[in-house]
Amino acid sequence: MKTLLTGGAGYIGSHTAVAMLDAGHDVAVADNYYNSSPEAIRRVEEITGRKVSLYEADVADRSRMMEILRAEMPDCIIHFAGLKAVGESVAMPVEYYRNNIDTTLTLLECMKELGLTNIVFSSSATVYGEDNIPPFTENMPKGVCTNPYGWTKWMQEQILRDAWFAGAGSEKELSVVLLRYFNPVGAHESGLIGEDPQGIPNNLMPYISQVAVGRRDHLTVFGDDYDTPDGTCRRDYIHVMDLAEGHVRAAEYSLGNRGTEVFNLGTGNPYSVLDMVNAFGKACGHPVKYEIGPRRAGDVQDSWANADKAKEVLGWEAKRGIDEICRDAWKWQSGNPQGYGE
Ligand code: NAD
Ligand code: UFG
């Protein structure tokens, strides 16, 4: 299968490129390096011993994307490209709506013109909103999002579903696979690729990693007065290579099927903030310093997946647990203390 990964130089895209190549598929990547580096793709090639067709491109640039898609004619597009920082999206909503929605509209226009039918989209558990009770199942109604980033995912799901619906039953019927990720963490086990956030990390695991490696003094735990066993929030942390392998199965599934299907990609197991701090301390061999701070606005107490549908339909389930997650995150962080910047 020929795949095109938009945003493929980023965190999840680069790991998915490895999993795709390892599964024997071909990979092309289109990325504008807004939040990534071509070095990630060089390392993907080093890990797999295979070549990637790499294009520097803004996925919202229609003529550039027509050129790339004409050259590649992929069997499946996996659309990772997007802006993803929740807090930044509150401060820069227009940029978030423009970039995230435009990239999806542009891809759909190009696909229509070229007769391409298969797209897998990076959605998020954030579309379940605040009122659904975990474990979240795909047939729950989508909820109310708490920030513009979440709404862009909510809207992109709707746009993709509407685009499929318009051609349903015709020869040009699309295959749309919406993947709702839970909390992707960890790194490839080689330690060569991993998450490389710019500036101060917003997310828990990169923050813990940077404390462990000495780049930051301590972690602030956002609230210990939630109604959970240790008072801290619970999440479904999924190893990024499990997530990547889920994309391989989703893309393969899309080839034989038309329609719109939604899949949770999670483990089904919730862990608290302090569980992750303790597991990381074991992996790196010393305790991770933390202080308890106030709750962070917009955080939900609990979020985890019911992951049965992906197992039943895609034959995929997460295999790695929090010990592997912390081991691999530590290998990446300790081997690359400044990320790709070194
Ligand atoms: P990332 O920032 O590492 O990767 C996104 C990539 O898209 C980057 O390489 C960036 O340079 C590129 N990009 C952004 N806008 C572009 C544009 N207009 N044209 C070309 N390239 C562009 O983020 P990630 O963690 O790998 O996330 C990938 C996708 O998964 C995103 O859509 C994100 O919203 C979604 N997602 C991520 C998480 C998470 O926790 N990491 C959770 C749920 C969903
Ligand atoms: N946390 C801390 N200290 C930190 C960072 C995070 O205590 O410095 C806590 C948070 O309060 C939360 C947990 O760690 O309880 C996980 O936080 P993350 O920021 O790592 O992840 P979120 O679950 O908040 O966010 C993730 C994705 C978003 C997505 C959201 C909702 O990163 O893209 O899930 O599905 F929108």
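Right, let's get into the packing of helix α3 (residues 62–72) against helix α5 (residues 93–114). Where α3 meets α5, the closest approach of the two axes is 10 Å, and the angle between their N-to-C directions is 45°. The orientation of α3 with respect to α5, classified from their angle, is oblique. When you trace α3 past α5, the crossing you get is right-handed. In this structure, α3 contributes Arg62, Met65, Met66, Leu69 and Arg70 to the contact, and α5 contributes Thr106, Leu107, Glu109, Cys110, Glu113 and Leu114.

What follows covers empty space enclosed by the protein. Scanning all chains against the criterion turns up three cavities of 30 Å³ or more. The calculated volume of the largest cavity comes to roughly 100 Å³. For the largest cavity, the full set of lining residues is Tyr11, Val185, Gly186, Ala187, Gly194, Glu195, Met205, Pro206, Ser209, Ala329, Trp332 and Gln333. Residue assignment for the lining of the largest cavity shows that the elements contributing at least two residues are α7 (204–212) and α11 (322–335).

Turning our attention to the sheet that holds strand β9 (residues 234–235). Here we have three strands laid out as an open sheet, ordered β12-β9-β14, and mixed in their pairing. Either end of the sheet is taken by a strand with one partner, and the two such strands are β12 (271–272) and β14 (302–303). The pairing of β9 with β12 spans two bridges and is antiparallel. By the bridge assignment, Arg234 is partnered in β12 with Ser272.

Counting 42 residues, the largest nonpolar core has Val27, Val44, Ile78 and Leu179 as the members making the most contacts within it. Elements represented by at least two residues in this core include exactly α1 (11–22), β2 (26–31), α2 (38–48), β4 (76–79), β6 (175–181), α8 (240–255), β11 (259–265) and α10 (308–314). The leading source of residues in this core is α8, at eight residues. By size, the runner-up hydrophobic cluster in this structure holds 26 residues, among which are Tyr55, Val59, Cys110 and Met111.

Here we come to the state of the cysteines. Tallied over the entire structure, the rule returns zero disulfides. Cys76 provides the cysteine sulfur closest to Cys110, a residue in no disulfide bond, and the two sulfurs are 16 Å apart. Using a relative accessible area of 0% as the deciding quantity, one classes Cys110 as buried. You can see Cys233 has no disulfide; the closest cysteine sulfur is in Cys145, sitting 17 Å from it.

Two aromatic rings, taken as a pair, are described by how far apart their centres are and by the angle between their planes. In this structure the tally under the stated criterion is eight aromatic pairs. Each ring, one from Phe280 and one from Trp330, has its centre 6.1 Å from the other, and the planes form 85°; the classification is edge-to-face. Remark: Trp330 occurs in helix α11 and Phe280 occurs in helix α9 (residues 273–284); sequence separation between them is 50 residues. Here Phe280 matches Trp330 in class, with each residue buried. Each member of the aromatic cluster is reached from another via a ring pair, and the members are Tyr128, Phe136 and Phe182.

On to the site of ligand 2. What surrounds ligand 2 is a group of 19 residues, the closest being Leu204, Thr220, Phe222, Arg235 and Asp299. Measuring from an oxygen atom of ligand 2, one finds a side-chain N or O atom of Asn203 at 2.9 Å. In the environment of ligand 2, an oxygen atom lies 2.8 Å from a nitrogen or oxygen atom belonging to the backbone of Leu204. Protein chains bury 87% of the 690 Å² of accessible surface belonging to ligand 2 in isolation. Of the residues forming the shell around ligand 2, the biggest block, four residues, is contributed by strand β8 (residues 219–222).

Turning to the site of ligand 1, a few remarks are in order. Among the 27 residues in the neighbourhood of ligand 1, the closest are listed as Ile12, Asp31, Asn35, Ser36 and Tyr149. Backbone polar atom of Tyr11 to an oxygen atom of ligand 1: 2.8 Å apart, as the coordinates give it. Between ligand 1 and Asn35, the relevant distance is 2.7 Å, taken from an oxygen atom to a side-chain nitrogen or oxygen of the residue. Relative to its unbound accessible surface of 820 Å², ligand 1 loses 95% to contact with the protein. Elements supplying a minimum of two residues to the shell around ligand 1: α1, α5, β5 (118–124) and α6 (148–167). The element best represented in the shell around ligand 1 is β5, accounting for three residues. Across the shell around ligand 1, the residue classes break down as twelve nonpolar, eleven polar and four charged.

Basis of the calculations
- Along each chain, the written sequence defines residue order, and numbers are assigned to residues from 1.
- Written order decides the labels, with chains lettered from A and ligands numbered from 1.
- The predicted nature of this model means local features are confined to residues of pLDDT at least 70 and side-chain atom pairs, given and counted, to a pLDDT of 80 or more, with totals for whole chains, interfaces and linings taken over all residues.
- Neither water nor hydrogens contribute to the side-chain values; these are computed over all heavy atoms in the structure.
- Comment: axis = line fitted to C-alpha atoms, over the contacting stretch for helices; angle = value between 0 and 180 degrees taken between N-to-C directions.
- Elements are defined by DSSP. Helices are runs of H or I of four residues or more, strands are runs of E of two residues or more, and each kind is numbered from the N terminus.
- Between 65 and 115 degrees an angle is taken as roughly perpendicular, under 35 as roughly parallel, over 145 as roughly antiparallel, and anywhere else as oblique.
- Crossing handedness follows the turn of the near helix against the far one: under a right angle anticlockwise gives a left-handed crossing, and clockwise gives a right-handed one.
- The contact rule is simple, with two residues in contact once any of their heavy atoms fall within 4.5 Å.
- Two kinds of site are reported from a 1 Å grid over the protein atoms alone, namely cavities, where a 1.4 Å probe fits but cannot get out, and pockets, open sets with protein on both sides within 12 Å along at least five of seven lines, and residues are called lining when an atom falls within 4 Å of a point.
- Grid points are joined across faces, edges and corners, and a volume is the space filled by probe spheres set on the points.
- Here, any two strands with at least 2 DSSP bridges between them count as paired.
- In these notes, a set of buried Ala, Val, Leu, Ile, Met, Phe, Trp, Tyr and Cys residues joined through side-chain atoms within 4.5 Å is what counts as a nonpolar core.
- Per-residue accessibility, obtained with a 1.4 Å probe over protein chains only, is compared with the maximum for each type, and a residue is labelled buried under 20%, exposed over 50%, and partly exposed between these values.
- By disulfide we mean two sulfur atoms from cysteines, separated by a distance within 2.5 Å.
- Pairing of aromatic rings covers Phe, Tyr and Trp, the last through its six-membered ring, and needs centres within 6.5 Å; plane angles under 30 degrees mean stacked, over 60 mean edge-to-face, and all others mean tilted.
- Here a residue is considered near a molecule or strand provided that any single heavy atom belonging to it is located within 4 Å of it.
- Distance and chemistry together define a polar contact, namely a pair of N or O atoms within 3.5 Å, with one atom able to donate a hydrogen and the other to accept it when in protein, and with adjacent residues in sequence counting only for side-chain atoms on both sides.
- Here, Shrake-Rupley sampling with a 1.4 Å probe gives the accessible areas, and only protein chains in the shown set may cover a residue.
- Residues are grouped as follows: Ala, Val, Leu, Ile, Met, Phe, Trp, Tyr, Cys and Pro are nonpolar; Asp, Glu, Lys and Arg are charged; all remaining types, including Gly, are polar.

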